[in-house]
Amino acid sequence: MLSTHAHAEIDREVSKYPDGRQQAAVMAALRIAQQEKGWLSEEVIEYVAGLLGLEPIQVAEVATFYSMYDLEPVGRHKICVCTNISCMLRGSDDVVAHLQRRLGIKVGQTSADGRFSLRSVECLAACGGAPMMQIGKRYYENLTPASIDEILDGLE
Amino acid sequence: MPTIEIDGRTLDVAAGTMIIKAADDAGIYIPRFCYHEKLSIAANCRMCLVEVEKAPKPLPACATPVADGMKISTASAAAVEAQKGTMEFLLINHPLDCPICDQGGECPLQDQAMGYGKDVSRFAENKRVVDDYDIGPLISTEMTRCIHCTRCVRFGQEVAGIMELGASGRGEHMHIGTFVGRSVDSELSGNVIDLCPVGALTSKPYRFSARAWELANADAISPHDCVGANLNVQSLRNEVRRVLPRDNRQVNDCWLADRDRYSYTAVNDSDRLTTPVVRRDDNWHEVDWQTALDAAVQGLTTVLTERGPAQLGALVSPTATLEEFYLLQKLVRGLGSDNIDHRLRQRDFRDDAAAPLCPGLGQPMSTLDDQAALLLVGSNIRKDQPLLGLRIRNAFRAGATVMAVNCQDYDFHFDLAFRHIVAPDAMPRALAAVAAAFAVQQGIELPRELAAWVSSGEIEFSDSDSAGIAGQLAEHGAEASILLGSTALQHADFSALRAIAQWLATESGATLGVLPDANSAAGWIAGAVPQRLANGVAASVSGRHAAAMLEQPLGAYITFGIDPELDCLDGRGARAALQSADFVVSFSAFRSGQEAANVVLPIATFVETAGTYVNCTGQVQTAAAAVAAPGEGRPGWKILRVLGNLLGVDDFDYVTAADVSAEVDVARIKTGAEVSQWQLYAPNGSRPVEGLARISDVPLYAVDAIVRRAEALQATVDNRTAAAYLNAAQAERLVVDGCNSVEVQTDGASVRLPVVIDPRVPDGCVYIPAGYAETVDIGDAMSVRLVAA
């Protein structure tokens, strides 16, 4: 289900905690699994549960609680637009509207070609550059429709 | 010890006690939903907010430990305002559907809404709606009603030991459910219905069949295992509608196993026999009592006079009441025979004469929770005695070491520190290895017979598990227990297992216990065994035990409360013996399964008869009938009394069940497992020369005639398929791994069964459950051959 590399990484996380406390590594294990698989399917959740000696529902509780775990397939580029207060005051509504128009999808959806997924998220701690969005691991700040187009054009 | 004040009352409370517990103990009411004495503290419903002097805001009583000088008000204006506020939030999403909700009338949320709710909701928006999933045949869900107290989640995680329900999502999107709609399969799952403070989890078989306030309540005792769980049987118009637990700290706490809770569904089954029937010219005729009893008397008398009293035998279900055991043995003995037994699945009777007065734990149930080391010998305690299994789990959670000598690697809800998982014939050797390791560690001598056996080279005891088990028993001594379970009781070398376990217990100071079937302890004290009369008096001549009665067929049989083919160890032998008998009288609550009988007399089930039960700790519990038996059905003890009169047996004039039990000296009852005279009988279970060793036990929903007909229980996962269970490697070696089914051959019979791959079955073995119609023909075979079909 997961690569040897992912297993090794999960083992490393488990080893950080005392014996019998492998449940503590559940968030890290899910993150590693998601990195490799792109999203967390039921099978992956059950597999992670097996690795950590937990019941599947225990892992599902965590996976469904945090919004950064994806329970559905996501596009190659996951665009997370902050719509929290600072960004909202600086026009995040327009950012979302522009992205939806440009990509032809709504918030929460993935484009038909599988390139982009659009999400609205809470504060990403970059209020100084509001409005902002995160694509992959990178932050893009002080967004305007023009800069958004430029950013998107620069992506594969 | 802190002194606190609750609502003006001064109380001395142990440090660390939560306010809600202190208030409960003092009889002061605090509303609550998520708090439950037997579960961990979640503090997530906020209904128990109370005012504490000098605290800036209301505090949850369930999660606030007492402190010296604390002044608490549970019903001050501030406390009530907080409680009302919580209630308003809880009701925001709770549907106003009490009239169509099964919980209506017995609902903590409904009750507390009366006290703390508003007349009108200020919440004009749409309520949330939650999807329902089918989580099995026992529990109905209506998750829109859920208030997220998480009692059911904590029950699974903490008490039942298997987390099946969980809380997914967060905030308003949080919902309780199973992982992708799986079923809840715990053998204790029904308890979440009692725990649920709203109508989200309700009983599926009971659903919409009655209202709580119209039900009549009666006490009863569960007859299905040796726990004797206390039941509250609720009926409407003489029909049992559901069964709830009664609190009894010594026995079942506030829990019930699903088997205790749902077995009542068989009581209302269409298979119930409602009139006496007799067989004439191979046809069944419904007759009145007089005709049936006359036929029974005539048939029995003919056999007794023509073939002699030793040709009469009685086989009685271990679920019978003390009164039924007593009267049946008195009847049989009054007619001149000592052939009576209730140990229908036992194989090895060699240590009968030295057996204790009543089989049992030899200690109170509650001390099991405090054991430091527990050795299970031939026991699937989690499924066989679910409520005792809970206590083992309690001990485990408190740090006890649990160990096992078993022939399947059962899924326990506790971890095994050391284990021997071996073929049935190897069990005595595995236990002897523990004894040998113990002797070496302690530098003591083994008893001569055991030493001879160990030195014969048959026993390998240098393994770490033997040493581990021995070491734990030595270390914990008086705080250790050895329990012989159902598989041990049914083992071909039960006497050897008992002897070795007893030696270990004596030398280490551990307590030896046995987990008998159902009401077996009452069977022993009432004299329903061939070698003992009532009150433990040795019979001058021992009659035949259950297996012997079937091996050499008798002229006449009385069967009581059993499906002979399914309840006897050798189902095939039982069928043959009963068919060849001249006359068979059957006492049965059900129509089916009595094909070999000449007369079938309809008896009452456990909810329909007054009766006494003795559990594995020797506790004597008496219950009255909750409802009347359907049709012409009568309590077994009454029928036996009349039959005794008609057959002219002396002293058979009883008016009440209590008159009967008065003749049994229940005050003498003491349970245990130790034989009075130690002897090691040579093991007679040998490794099969060819084929596989057959492991057989009776799955928990096949143990007796009632459970077998409880539809709801039969629909659960625990009702295992009658199949041949093999581990994958074994299946591959036999080239049956790709097969859907397999031919199981024994001497003289062949049965086709599905193949199931099960890693818990050891090499060289096949697990074929007993108690199913499909496996009757395999009889009591200890080895079988499998051929791909």
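We now turn to the structure provided with this report. All values derive from a computational prediction rather than experimental measurement.

## A look at the interface of chain A and chain B
Of the residues lining the interface, 13 residues belong to chain A; the matching set on chain B comes to 16 residues. When the two sides are added together, the surface that chain A and chain B hide from each other amounts to roughly 1100 Å², 59% of it contributed by carbon and sulfur. When the buried area of chain A at its contact with chain B is split by residue, Ile 57, Glu 61 and Phe 65 of chain A rank highest and sum to 46% of it. Remark: the boundary between chain A and chain B carries one salt bridge. A salt bridge links Glu 46 of chain A to Arg 182 of chain B; the nearest nitrogen and oxygen atoms lie 2.8 Å apart. Across the chain A-chain B interface, the total number found is four residue pairs in polar contact (both at pLDDT 80 or more). Of all elements in the fold, only α3 (42-52) and α4 (56-65) of chain A reach the threshold of two or more residues within the side of chain A that touches chain B. Ranked by the residues each element gives to the side of chain A that touches chain B, the list is headed by α4 of chain A, at seven residues. Considering only residue class, the side of chain A that touches chain B consists of six nonpolar, three polar and four charged.

## Looking at the packing of helix α12 (residues 427-442) of chain B against helix α14 (residues 464-476) of chain B
All names here are of chain B. Orientation of α12 relative to α14, taken along the N-to-C sense of each, is 60°, at an axis distance of 8 Å. Between α12 and α14, the crossing angle belongs to the class labelled oblique. Considering the relative orientation of α12 and α14, their crossing is right-handed. Contacts between α12 and α14 involve Ala 433, Val 434, Ala 437, Phe 438, Gln 441 and Gln 442 from the former and Ser 466, Ala 467, Ile 469, Ala 470, Gly 471, Leu 473 and Ala 474 from the latter. Among the residues forming the contact of α12 with α14, the class breakdown is nine nonpolar, four polar and no charged.

## Topic: the pairing of strand β1 (residues 3-6) of chain B
All names here are of chain B. Of the two faces of β1, the one holding Ile 4 and Ile 6 is buried and the one holding Thr 3 and Glu 5 is not buried anywhere. Here β1 runs beside strand β2 (residues 9-12); their pairing, made up of four bridges, is antiparallel. When the bridges of β2 are listed, Glu 5 appears paired with Thr 10. The hairpin turn running from β1 into β2, its antiparallel successor, is two residues long, and Asp 7 in that turn takes a positive phi close to 45°. As defined by bridge partners, β1 adjoins strand β5 (residues 71-73) across two bridges and the pair is classed as parallel. Pairing of Ile 6 across the sheet is with Ile 72, part of β5.

Criteria and cut-off values
Residues numbered from 1 in each chain as written. Chains lettered and ligands numbered in written order. Predicted model: local features only at pLDDT ≥ 70, side-chain atom pairs only at ≥ 80, totals over all residues. Heavy atoms only, no water. Contact = heavy atoms within 4.5 Å. Buried area = accessible area lost by both parts, 1.4 Å probe. Salt bridge = Lys/Arg side-chain N within 4 Å of Asp/Glu carboxyl O. Polar contact = N/O pair within 3.5 Å; in protein donor to acceptor, adjacent residues only side chain to side chain. Helix = DSSP H or I, 4+ residues; strand = E, 2+ residues; numbered from the N terminus. Nonpolar A, V, L, I, M, F, W, Y, C, P; charged D, E, K, R; others polar. Axes fitted to C-alpha atoms, helices over the stretch in contact; angles between N-to-C directions. Parallel < 35°, antiparallel > 145°, perpendicular 65-115°, else oblique. Left-handed = near helix turned anticlockwise from the far one by under 90°. Buried < 20%, exposed > 50% of the residue type's maximum accessible area, 1.4 Å probe, protein only. Pairing = 2+ DSSP bridges.

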